[in-house]
Amino acid sequence: MRNFILMLAVILMVVSCTNNTLPKPKPYLKLQYPEISYSIFNSDCPYTFEFSDITTISIKENCWATIKYPKLKATIHITYREVNNNLNEILREIEKLTYEHTIKADAIPNALPYENLDKKVFAKLYNVEGNVASNIQFMATDSVKNVLAGSLYFYTKPNYDSILPAIKYIEKDIIHLVETLEWK
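All of the points below concern the structure found in this document. Here the residue numbers are simple positions, counted from 1 along each chain's written sequence. This being a predicted model, a pLDDT of at least 70 is required before a residue's local features are given, and a value of 80 or more before pairs of side-chain atoms are given or counted; all residues contribute to the totals for chains, interfaces and linings. Values reported for side chains reflect all heavy atoms of the structure, with hydrogen atoms and water molecules removed beforehand.

### A few points about the overall build of the chain
Secondary structure elements are defined from DSSP: runs of H or I of at least 4 residues count as helices, runs of E of at least 2 residues count as strands, and each element is numbered from the N terminus. Secondary structure summary: the chain contains three helices and ten strands in total. Listing every helix and strand of the chain by position from the N terminus yields α-β-β-β-β-β-α-β-β-β-β-α-β. Just to be clear, the radius of gyration here is over C-alpha atoms, and the globule rule we use is 2.2 Å times residues to the power 0.38. For 184 residues, the compact-globule formula gives about 16 Å, and the C-alpha radius of gyration of the chain, at 26 Å, lies well above that figure. Seen through its principal axes, the chain has C-alpha atoms that stretch 100 × 35 × 30 Å. When accessible area is computed with a 1.4 Å probe and restricted to protein chains, residues below 20% of their type maximum are described as buried, those above 50% as exposed, and intermediate ones as partly exposed. Counting across all 184 residues of the chain, residues that qualify as buried make up 38%.

### Here's the deal with the sheet that holds strand E7 (residues 121–127)
Strand pairing is defined by DSSP finding a minimum of two bridges between the two strands. On the basis of which strands lie adjacent, the open sheet formed by seven strands has the order E3-E4-E5-E9-E8-E7-E6 and antiparallel pairing. Across the chains shown, the open sheet's two edge strands, defined by having one partner strand only, are strand E3 (56–59) and strand E6 (112–116). Averaged over all pairs of adjacent strands, the angle between their axes in this sheet comes to 15°, without regard to strand direction. Bridge count for strand E4 (residues 65–69) against strand E5 (residues 74–82) is five bridges, and the pairing is antiparallel. Paired with Ala-65 across the bridge in E5 is Ile-78. In what follows, a contact means two residues having at least one pair of non-hydrogen atoms within 4.5 Å. Only the stretch in contact is used when a helix axis is fitted, and all axes are lines through C-alpha atoms; the angle between N-to-C directions ranges over 0 to 180 degrees. On the sheet, helix H2 (residues 87–99) packs against E5, E7, strand E8 (136–141) and strand E9 (146–154) and is oriented at approximately 170° with respect to E8. Along the sheet, helix H3 (residues 160–180) contacts E4, E5, E6, E7, E8 and E9; its crossing angle with E8, the most-contacted strand, is approximately 5°.

### Re the packing of aromatic side chains
Think of a pair of aromatic rings as described by two things: how far the centres are apart, and how the planes are tilted against each other in angle. Classification of ring pairs rests on two measures: the distance between centres of Phe, Tyr or Trp rings, Trp counted by its six-membered ring, which must be within 6.5 Å, and the angle between planes, read as stacked under 30 degrees, edge-to-face over 60 and tilted in between. Inspection of the entire model under this criterion finds seven aromatic pairs. Note on Tyr-33 and Tyr-169: the rings are 4.6 Å apart at their centroids and 20° apart in plane angle, and the pair reads as stacked. Residue Tyr-33 is located in the loop between helix H1 (2–16) and strand E1 (38–41), and its partner Tyr-169 is located in helix H3; the two are separated by 136 residues in the primary sequence. Note on Tyr-33: relative accessible area 27%, which makes it partly exposed. Owing to a relative accessible area of 7%, Tyr-169 belongs among the buried residues under this scheme. Among the aromatic residues, those joined into a ring-pair cluster are Phe-41, Tyr-47, Phe-49, Phe-51 and Tyr-80.

### Notes on the nonpolar core
Note on terminology: a nonpolar core comprises buried Ala, Val, Leu, Ile, Met, Phe, Trp, Tyr and Cys residues joined through side-chain atoms within 4.5 Å. Within the largest apolar cluster, 34 residues are counted, with the highest numbers of intra-cluster contacts made by Tyr-47, Phe-49, Ile-76, Ile-78 and Ile-170. Looking at this core, the elements that each hand over two or more residues are strand E2 (47–52), E4, E5, E7, E8, E9 and H3. It is H3 that contributes the most residues to this core, nine residues altogether. When near neighbours in sequence (up to four residues on either side) are disregarded, Tyr-47 contacts Phe-41, Ile-59, Cys-63, Ala-65, Tyr-80, Leu-148, Leu-181, Glu-182, Trp-183 and Lys-184. Grouped together as the second largest cluster of nonpolar side chains are twelve residues, Val-83, Val-128, Val-132 and Ala-149 included.

### Structural notes on H3
Given 3.6 residues per helical turn, the α-helix brings residues three or four places apart onto the same face. Under the convention used throughout, the expected extent of a helix is 1.5 Å for every residue step, that is, one less than its residue count. In this model H3 runs 28 Å from its N-terminal to its C-terminal C-alpha over 21 residues, within 8% of the 30 Å that 1.5 Å per residue would give. Of all the bends in H3, the greatest, near 30°, is centred on Ala-166. Note that the bend at a residue is defined as the angle between axes fitted to the seven residues ending at it and the seven residues starting at it.

### Examining unusual backbone geometry
Although it is not a glycine, Cys-63 sits at a positive phi angle of roughly 70°. Within the fold, Cys-63 resides in the loop between E3 and E4. Residue Cys-63 is classed as buried on the basis of its relative accessible area of 11%. Here the phi dihedral of Lys-73 falls at roughly 55°; this positive angle occurs in a residue that is not glycine.

Printed below as a string of structure tokens:
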């Protein structure tokens, strides 16, 4: 009986040890973002816009705002400046801040312009490609009295390939923000 069990164990080991290894399929991230719905941001500030319902918004007394995406660990920082015969200076300053990313950026394609003559909103959206601190920057003005500028930041080490889906998701919200922007 002992020899039979020993022989059975040897046969099972020989039969079970084959070199048929199967390759594992490549895993892909499947990121699912919630459906977008918007609410109107209205305050004592000289502007109003719509923002995503998955965000929280806070405002300071100088009408600077932060729009936080807690689940994406991202924030849009918005600055407001009143124009006092210095529109070109303000716009150059904002553009300079955007192009300071060229040290780390892979590319900064041409700005995406936006214009709504009825609402007097003239804007530009910059996509900064690469491992930079802020991948999206935008500015909007009425060309007379108001300038609104914004930058998107993630609370993580910049890794453009990994955060690109989140950047594209938030970019839609930023475009919607600009399209719904109205000056008071």
